[in-house]
Amino acid sequence: MAEVINMPRLSDTMEEGTVAKWLKNVGDKVEEGDILAEIETDKATMEFESFHEGTLLHIGIEEGDGAPVDSLLAIIGEEGEDISGLLNGAEEQTAPDQEPNSSESEEEASSAPENTSANIPEGVEIVTMPRLSDTMEEGTVASWLKSVGDDVEEGDILAEIETDKATMEFESFYSGTLLHIGIQEGEGAPVDSLLAIIGPEGTDVNAILKAQDSAGSSKSAPKKEAKEEAPKAEQVSSKKQTSNDGQRVFASPLAKKIAEEKGINLADVKGTGDNGRIVKKDIENFKPSQAAPKAEKTAETAAPSAQVSLPVGEESMEEVKNSTMRKVIAKRLGESKFSAPHYYLTIEVDMDNAKASRSQINSLPDTKVSFNDMVLKACAMALKKHPQVNTSWNGDTTVYKHHVHMGVAVAVDEGLVVPVIKFADQMSLTQLGTSVKDLAGRARNKKIKPDEMEGSTFTVSNLGMFGILEFTSIINQPNSAILSVGAIVEKPVVKNGEVVPGSTMKVTLACDHRTVDGASGAQFLQTLRAYLENPVTMLA
């Protein structure tokens with residue numbers, strides 16, 4: 001009998017998973033214990049093995065796709081077995097009662113434009129708030145240049161509209177009488193809202209306004225959208241032109257387009273529109289001979305301009321789908337940063353003794369200790385002396401952890417994971433180093449288990465190996481603090497009143513002010529410094 005395999009919950013916080021890679025194909029034989037797929041969770045990419053034997057009959061989630069926990073992942077059964085019943089059951093469970101709702105919405109969507117357009121009298125044109133920039137979502141009418149009842153010619157300026165980038169003139173693409181103004185001066189409205197109505201004088205537009213109120217501005221003029229789109233684009237891309245005396249030439253986009261096609265210099269054309277604006281009929285009636293003497297005079301007096309070589313390139317970008325791990329990292333860190341009141345304490349530690357002690361320890365056979373191991377050991381011991389830092393905020397209560405589970409931030413290809421060293425305060429330096437290498441290696445190779453990344457009480461993030469001198473980290477909740485470790489640098493230091501060469505390292509403690517006050521955090525750092533500057537005390 002066929003077995004249905006659902007998306008497993010591979011961690012306590014996992015809500016959905018992404019199939020990173022299928023290691024079996026439909027039709028392949030599957031033995032119990034075989035790896036079916038690599039599944040990306042909110043913490044790591046893990047191998048998922050089969051608990052059944054048979055033939056892989058169906059794959060429910062393709063590579064790169066994500067799905068919630070318990071979604072249909074695969075079906076395993078006997079070769080040739082009919083699984084249509086299982087597939088139909090999964091589809092019904094996934095999307096019940098969706099078809100009636102979608103058909104109703106389609107009927108409403110299709111009927112709304114028809115009803116709206118039926119209410120528009122012949123010759124009436126509805127003008128909506130144009131999108132005058134690529135990022136514009138709302139526009140404000142700075143001023144109206146036409147009033148209700150005024151005659152409007154194609155190319156006349158209707159209003160000045162303030163966008164998110166500039167205040168621009170908006171011209172009419174229709175001729176008629178301004179029957180209605182939908183947005184008053186100083187008011188703002190979303191793109192495609194009713195801006196004005198133009199049509200034959202005396203036309204009753206009450207029916208249109210009622211239809212707008214009931215259907216919404218997005219459905220107000222379905223037949224006009226395509227017609228308005230091209231002129232709007234022309235206005236956005238229109239260029240400023242200047243006359244010979246340096247003054248700007250005001251012309252409608254349509255006039256500019258026709259002038260460009262005919263090779264006419266707009267500076268030579270006299271405008272008959274509002275405030276001397278050049279409109280379509282001025283270009284059509286223009287005679288080039290009228291401007292010849294003026295053009296010759298201009299050519300004689302004009303000074304040659306130096307040509308500027310501008311860079312030419314092609315803009316390019318790529319949109320990459322966020323992995324499940326990346327989305328969860330963003331969610332968790334956002335929740336931590338915006339819910340826990342962070343504050344930061346930084347100290348500088350003298351590392352001369354630590355360097356000498358490390359060299360002496362590493363000179364022993366089969367012994368290898370890193371500075372990071374020393375930091376972890378010092379943190380673990382300091383936490384036992386300052387239990388306030390080893391806590392969790394729990395709303396009405398604060399949870400004091402009597403054990404020390406040390407989280408160590410590790411960078412992997414997909415993002416960041418935090419393996420946890422359990423009972424770190426009871427380990428020696430070499431045991432800590434061995435545990436960190438083992439956990440970090442398996443995390444990078446996608447072999448780490450979910451329970452090995454859970455239960456931390458304190459976290460250490462070390463970027464010193466990348467040359468970072470000092471940084472701050474976001475608390476890994478439910479911890480109350482995280483330590484950021486910088487690089488060890490050699491520089492002049494003052495010892496016994498003299499300037500001598502020395503090695504120092506900066507560490508920054510990020511604290512949750514709900515559980516750790518400034519004095520508590522400072523006392524923890526003092527103890528940490530004492531252990532690092534005198535490593536022999538950690539071995540006593």
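Bear in mind that the values here come from a model prediction, so they are computed numbers and not experimental data.

**Points about the overall build of the chain**
Assigned secondary structure in the chain consists of 13 helices and 28 strands. Long-range contacts, defined here as pairs at least 24 residues apart, represent 61% of the contacts in the chain between residues at least 6 apart.

**A few points about the confidence of the model for the chain**
Reading predicted coordinates in detail is not appropriate for stretches of low pLDDT. Mean pLDDT over the chain works out to 83, with 82% of the residues at or above the 70 mark. In this model residues 96-118 is a low-confidence stretch, pLDDT under 50, and it forms six contacts with partners more than four residues away in sequence or in other chains. In the predicted structure, residues 217-240 sits below a pLDDT of 50 and forms 44 contacts with residues beyond four places in sequence or in another chain.

**Considerations on the packing of aromatic side chains**
We describe a pair of aromatic rings using the distance from one ring centre to the other and the angle between the two ring planes. Scanning all chains against the criterion turns up three aromatic pairs. Aromatic pair F458 and F524: ring centres 5.6 Å apart, planes at 50°, arrangement tilted. Here F524 lies in helix α12 (residues 518-533) and F458 lies in strand β26 (residues 458-462), a separation of 66 residues in the sequence. Across the pair, exposure class does not vary: F458 and F524 are buried alike. In this arrangement the basic side chain of R358 is found over the ring face of F371, its NZ or CZ atom lying 4.7 Å from the centre.

**Concerning the sheet that holds strand β7 (residues 66-68)**
Spatial ordering of the open sheet is given by β5-β4-β2-β7, a layout of four strands whose pairing is antiparallel. The open sheet is flanked by β5 (45-49) and β7, the only strands paired with a single partner. Neighbour-to-neighbour, the strand axes of the sheet open up by a mean angle of 40°, direction not taken into account. Across three bridges, the pairing between strand β2 (residues 16-22) and β7 is antiparallel. By the bridge assignment for β7, T18 is matched with G66. Sheet contacts for helix α8 (residues 324-339): β2, β4 (35-40) and β5; angle to β2, the most-contacted strand, approximately 150°.

**Considering helix α11 (residues 429-444)**
For α11, spanning 16 residues, the distance from its first C-alpha to its last is 23 Å, which sits close to the expected 22 Å at 1.5 Å a residue. What α11 keeps buried is the set L429, L432, G433, S435, V436, L439, A440 and A443. Viewed along the axis of α11, the buried residues span an arc of 165°, placing them on a single side of the element. For α11, the exposed residues set more than 90 degrees away from the buried face come down to T434 and K437. Two residues or fewer after α11 comes K446, characterised by a positive phi angle close to 65°.

**Topic: the sheet that holds strand β12 (residues 157-162)**
Reading across from one edge, β13-β12-β10-β15 is the order of the four strands in this open sheet, with antiparallel pairing throughout. Across the chains shown, the open sheet's two edge strands, defined by having one partner strand only, are β13 (167-171) and β15 (188-190). Strand after strand, the sheet turns through a mean of 40° between neighbouring axes, direction not considered. Pairing geometry for strand β10 (residues 138-144) and β15, over three bridges, is antiparallel.

Rules used throughout
Residues numbered from 1 in each chain as written. Predicted model: local features only at pLDDT ≥ 70, side-chain atom pairs only at ≥ 80, totals over all residues. Heavy atoms only, no water. Helix = DSSP H or I, 4+ residues; strand = E, 2+ residues; numbered from the N terminus. Contact = heavy atoms within 4.5 Å. pLDDT = per-residue confidence, 0-100. Phe/Tyr/Trp six-rings, centres within 6.5 Å; stacked < 30°, edge-to-face > 60°. Buried < 20%, exposed > 50% of the residue type's maximum accessible area, 1.4 Å probe, protein only. Lys NZ or Arg CZ within 6 Å of the ring centre and 35° of its normal. Pairing = 2+ DSSP bridges. Axes fitted to C-alpha atoms, helices over the stretch in contact; angles between N-to-C directions. Expected span 1.5 Å × (residues − 1). Arc of directions from axis to C-beta.

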